Amino acid sequence: MNVLLLGSGGREHALAWKIAQSPLLDKLYIAPGNAGTAQVGTNLPISATAFDEIKKAVKEYAINLVVVGPEDPLVKGVHDFFLNDAELKSIPVIGPQKYAATLEGSKEFAKAFMNRHNIPTAKHFTVTAENLQEGFDFLAKQTAPYVLKADGLAAGKGVLILNDLNEAKSELENMLNGKFGAASKTVVLEECLKGIEMSVFVLTDGEGYVILPEAKDYKRVGEHDTGLNTGGMGAVSPVPFADKKLMERIESEIIKPTIAGLKEDNIPYCGFIFFGLMNDNGTPKVIEYNVRMGDPETEVVIPRIKSDLLQLFVAAANKKLSQEKIEINPFSATTVMAVSGGYPEAYEKGKTITFSEQFSDSIVFHAGTKLENGEVKTSGGRVLAVTSLGENKDAALKISYKNITKIHFDKMYYRRDIGQDL
Ligand code: AMP
Ligand code: GLY
């Protein structure tokens, strides 16, 4: 079969790398892809949100299945676009429809869903210009730090965690006044959860599901979790504290009620669910839902999956996922992200990437790269993810850190402490 994968980051390179290994695959296309995806498939110069051009490509390349990497096309309704088009509606799309994608696109929608279905999460209060005073009252009843979230998508920047009550109140007003544009016209205030974060992923067809390996990512740019938030500077899987007991609680208290809740609310769902969780001494709570895989978590989750991912996608498309088992490699996977100097603030692009020595004991997933006259150049803040497998996390990290020193581009930076807090 022919597959079209939408997206262009490290997540998409990891998905493409895995799909390309499937005996079910004839041809893999990636729109728009990067220099890494070009090694395992054919890149198409089409944006992941250019639906009409995607339709043309689907017909021209006789695509049988579409896999959506990022949230943007999902929230914009790419799956609905297929369902509403006579020529496309028989082609399965892995990735939820627009309404279900609201689980990621609106924090208030996600909170209401969790409360309706008794899924453990932080207490919250929703504020608009109409009930500002009640918002102040809710904040005053919390203990610091104060958590303020733009309701809508704000490129990962819409969450403020503030220690001072007065600052929290004035930032609440700023948000309602458009600090994050339309995304913060509604603000969700939350109780601050304590504990340690982790990410859990499932692939579901709305009935059956398979649980993918869990992971922990490192969001801050600086070592020891300092500095600005980024998309993610590295990741490890498995998560050492996620023992059998915790994973069983996550499945029974969070995963099952979420899938049952979707069914109860008549929300069809075919795709990934990413549960951003807080583990408070063995009690898991949901921080957020995402309707896609995480990045860079995918770069450690996918290499641990032994099963044929494309076979799982086909089963999901046919609503037969409950008949599938997923086989996981017990080894640890780690990834360290090489980023452009200055990221997540201003940084330069177009730097030539070179390798002083070739290596085969790590997989280099491309995040922000592109091919220019046969040369691989940087084209984003996060550039390459160096993924390794080892008998344990430290063995895997050792390989990632050995190999990342062989990669060079002007002003390259990476965190040297990934996985060290665990
Ligand atoms: P979100 O976009 O909802 O994932 O929030 C971004 C980050 O803010 C999360 O990864 C957490 O580190 C932090 N965060 C969000 N909500 C809470 C909360 N209720 N309590 C503690 N930390 C939170
Ligand atoms: N690494 C976090 C995310 O993909 O949202």
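Preceding this section is the structure that the text describes.
Residues numbered from 1 in each chain as written. Chains lettered and ligands numbered in written order. Predicted model: local features only at pLDDT ≥ 70, side-chain atom pairs only at ≥ 80, totals over all residues. Heavy atoms only, no water.

### As for the site of ligand 1
Moving on, step 1. In the region of ligand 1, 15 residues are neighbours, and K149, E190, L193, E197 and E288 sit closest.
Moving on, step 2. The side chain of E190 places a nitrogen or oxygen atom 2.8 Å from a nitrogen atom of ligand 1.
Moving on, step 3. In the model, an oxygen atom of ligand 1 is placed 2.3 Å from a nitrogen or oxygen of the E197 side chain.
Moving on, step 4. Its free accessible area being 470 Å², ligand 1 has 85% of it covered by the protein chains.
Moving on, step 5. If you list the elements that add at least two residues to the shell around ligand 1, you get β7 (146–150), β8 (159–162) and β17 (283–290).
Moving on, step 6. When grouped by side-chain class, the residues that make up the shell around ligand 1 number eight nonpolar, no polar and seven charged. (Near = heavy atom within 4 Å. Polar contact = N/O pair within 3.5 Å; in protein donor to acceptor, adjacent residues only side chain to side chain. Areas by Shrake-Rupley, 256 points an atom, 1.4 Å probe, with all protein chains shown as cover. Helix = DSSP H or I, 4+ residues; strand = E, 2+ residues; numbered from the N terminus. Nonpolar A, V, L, I, M, F, W, Y, C, P; charged D, E, K, R; others polar.)

### Quick look at the site of ligand 2
Moving on, step 1. Taken together, D217, G231, F274, R292, G294, D295, P296 and E297 make up the full set of residues near ligand 2.
Moving on, step 2. Here D217 contributes a side-chain N or O atom positioned 2.7 Å from a nitrogen atom of ligand 2.
Moving on, step 3. In this structure, a nitrogen atom belonging to ligand 2 sits 3.2 Å away from a main-chain N or O atom of G231.
Moving on, step 4. Taking 200 Å² as the accessible area of ligand 2 by itself, protein coverage stands at 88%.
Moving on, step 5. Partitioned by chemical class, the residues of the shell around ligand 2 number two nonpolar, two polar and four charged.

### Some details on the sheet that holds β8
Moving on, step 1. Strand order in the open sheet formed by four strands is β6-β9-β7-β8, with antiparallel pairing between adjacent strands. Only two strands of the sheet have a single neighbouring strand rather than two, namely β6 (124–127) and β8. Taking the axes of each pair of neighbouring strands and ignoring which way they run, one obtains an average angle of 20° across the sheet.
Moving on, step 2. With four bridges connecting them, β7 and β8 associate as antiparallel partners. Bridge pairing in β8 links K149 to V159. (Pairing = 2+ DSSP bridges. Axes fitted to C-alpha atoms, helices over the stretch in contact; angles between N-to-C directions.)

### Brief notes about the packing of helix α7 (residues 132–141) against helix α8 (residues 165–176)
Moving on, step 1. Running from N to C, α7 and α8 cross one another at 150°; their axes reach a closest spacing of 10 Å. Relative to α8, the element α7 is oriented roughly antiparallel. Where α7 crosses over α8, the handedness of that crossing is right-handed. Mapping the contact onto sequence places L132, G135, F136, L139 and A140 in α7 and L165, A168, K169, L172, E173 and L176 in α8. (Parallel < 35°, antiparallel > 145°, perpendicular 65-115°, else oblique. Left-handed = near helix turned anticlockwise from the far one by under 90°. Contact = heavy atoms within 4.5 Å.)

### Focus on the environment of K398
Moving on, step 1. Relative to the helices and strands, K398 is located in helix α12 (residues 393–404).
Moving on, step 2. Residue K398 is classed as exposed on the basis of its relative accessible area of 66%.
Moving on, step 3. Separated by 64 residues in the primary sequence, K398 and T334 place their C-alpha atoms 9.3 Å from one another. (Buried < 20%, exposed > 50% of the residue type's maximum accessible area, 1.4 Å probe, protein only.)

### Let's talk about the pattern of salt bridges
Moving on, step 1. Within this structure, the stated rule accounts for 32 salt bridges.
Moving on, step 2. K219 is paired through a salt bridge with E197; the nearest N and O atoms lie 3.8 Å apart. Placement of the pair is K219 in the loop between β12 (216–217) and β13 (220–222) and E197 in strand β10 (residues 196–204), with a sequence separation of 22 residues.
Moving on, step 3. We classify E197 as partly exposed; its relative accessible area is 38%.
Moving on, step 4. For E348, the salt bridge goes to K411, with nearest N and O atoms at 3.7 Å. Here K411 lies in the loop between β24 (407–408) and β25 (412–413) and E348 lies in the loop between β18 (332–340) and β19 (354–355), a separation of 63 residues in the sequence.
Moving on, step 5. Judged by relative accessible area, which is 46%, K411 ranks as partly exposed. (Salt bridge = Lys/Arg side-chain N within 4 Å of Asp/Glu carboxyl O.)

### Notes on the packing of aromatic side chains
Moving on, step 1. As enumerated under the stated definition, the model contains 13 aromatic pairs in all.
Moving on, step 2. Centroid distance Y401 to Y414: 6.1 Å. Interplanar angle 40°. Geometry classified as tilted. In this pair, Y401 is assigned in helix α12 and Y414 in the segment after β25, connecting sequence segments 13 residues apart. In terms of burial, Y401 and Y414 fall into one category: buried.
Moving on, step 3. What links up through ring pairs into an aromatic cluster is the set F51, F81 and F82.
Moving on, step 4. Lying across the ring of F136, K169 places its NZ or CZ 5.6 Å from the centre.
Moving on, step 5. The residue whose ring lies beneath K216 is Y218, and the NZ or CZ to ring-centre distance is 4.4 Å. (Phe/Tyr/Trp six-rings, centres within 6.5 Å; stacked < 30°, edge-to-face > 60°. Lys NZ or Arg CZ within 6 Å of the ring centre and 35° of its normal.)

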